[in-house]
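# An overview of the molecular structure
Next come the chains, spelled out residue by residue.
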Amino acid sequence: MANKDELIELVVDDVYGELDVPSVAGRDQWRATVVRTAADLRAMVLRHPWIAPELSQVGLVHIGPNALRTASGLLARFEAAGFPPDETERALGTLMAYVVGIATSEAAYLSLIARSGRTEQE
């Protein structure tokens with residue numbers, strides 16, 4: 001391991017290993033599998049709130065096998081749905097940006113509540 005950045009990349013990829021990317025569904029089932037994967041990604045970020053800022057770092061250029069598996073699985077879903085080839089990567093990028101962005105905000109909010117010593121209801 002050369003430095004801290006490489007260690008972070010390895011740990012981020014290890015966390016991506018928690019995601020279960022379902023096998024490619026038919027054209028009529030693609031949306032349900034994408035929604036499930038998006039919900040699982042959100043849950044992953046909320047379980048590991050430290051990961052949110054790391055996912056937005058440009059420095060994570062060495063995508064590990066678990067993150068690659070997730071991205072490839074989602075691309076396959078968009079392809080199965082009939083997205084044109086030039087739109088599959090945009091669909092993936094949009095989905096990831098939205099889910100990670102929302103989960104990052106949610107994780108920050110929950111962290112703020114936890115530090116306050118009060119419950120969300122209070």
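It should be emphasised that the depicted structure is a prediction, and the values quoted were computed from it without experimental measurement. (Residues numbered from 1 in each chain as written. Predicted model: local features only at pLDDT ≥ 70, side-chain atom pairs only at ≥ 80, totals over all residues. Heavy atoms only, no water.)

## Structural notes on the overall build of the protein chain
When helices and strands are counted, the protein chain shows 5 helices and 0 strands. Taken from N to C terminus, the helices and strands of the protein chain fall in the order α-α-α-α-α. Once the C-alpha set of the protein chain is aligned to its principal axes, its extents read approximately 50 × 45 × 20 Å. The buried share of the protein chain, reckoned over its 122 residues, is 34%. Considering only intrachain contacts with a sequence separation of at least 6, the fraction spanning at least 24 residues in the protein chain is 70%. Total accessible area computed for the protein chain in this model is approximately 7700 Å², and 57% of it derives from carbon and sulfur atoms. Mean positive and mean negative side-chain charge positions of the protein chain (11 and 17 charges, respectively) differ by 6 Å. (Helix = DSSP H or I, 4+ residues; strand = E, 2+ residues; numbered from the N terminus. Buried < 20%, exposed > 50% of the residue type's maximum accessible area, 1.4 Å probe, protein only. Contact = heavy atoms within 4.5 Å. Areas by Shrake-Rupley, 256 points an atom, 1.4 Å probe, with all protein chains shown as cover. Lys, Arg positive; Asp, Glu negative; His and termini not counted. Charge placed at Lys NZ, Arg CZ, Asp CG, Glu CD.)

## Remarks on the nonpolar core
Residues Tyr16, Leu41, Met44, Phe78 and Leu95 are the most contacted members of the largest nonpolar core, which totals 25 residues. Looking at which element gives the most residues to this core, the answer is helix α5 (residues 85–116), with 7 residues. Discounting chain neighbours no more than four positions away, the residues touching methionine 44 are Val15, Tyr16, Glu18, Leu19 and Ile51. (Core = buried A, V, L, I, M, F, W, Y, C linked by side-chain atoms within 4.5 Å.)

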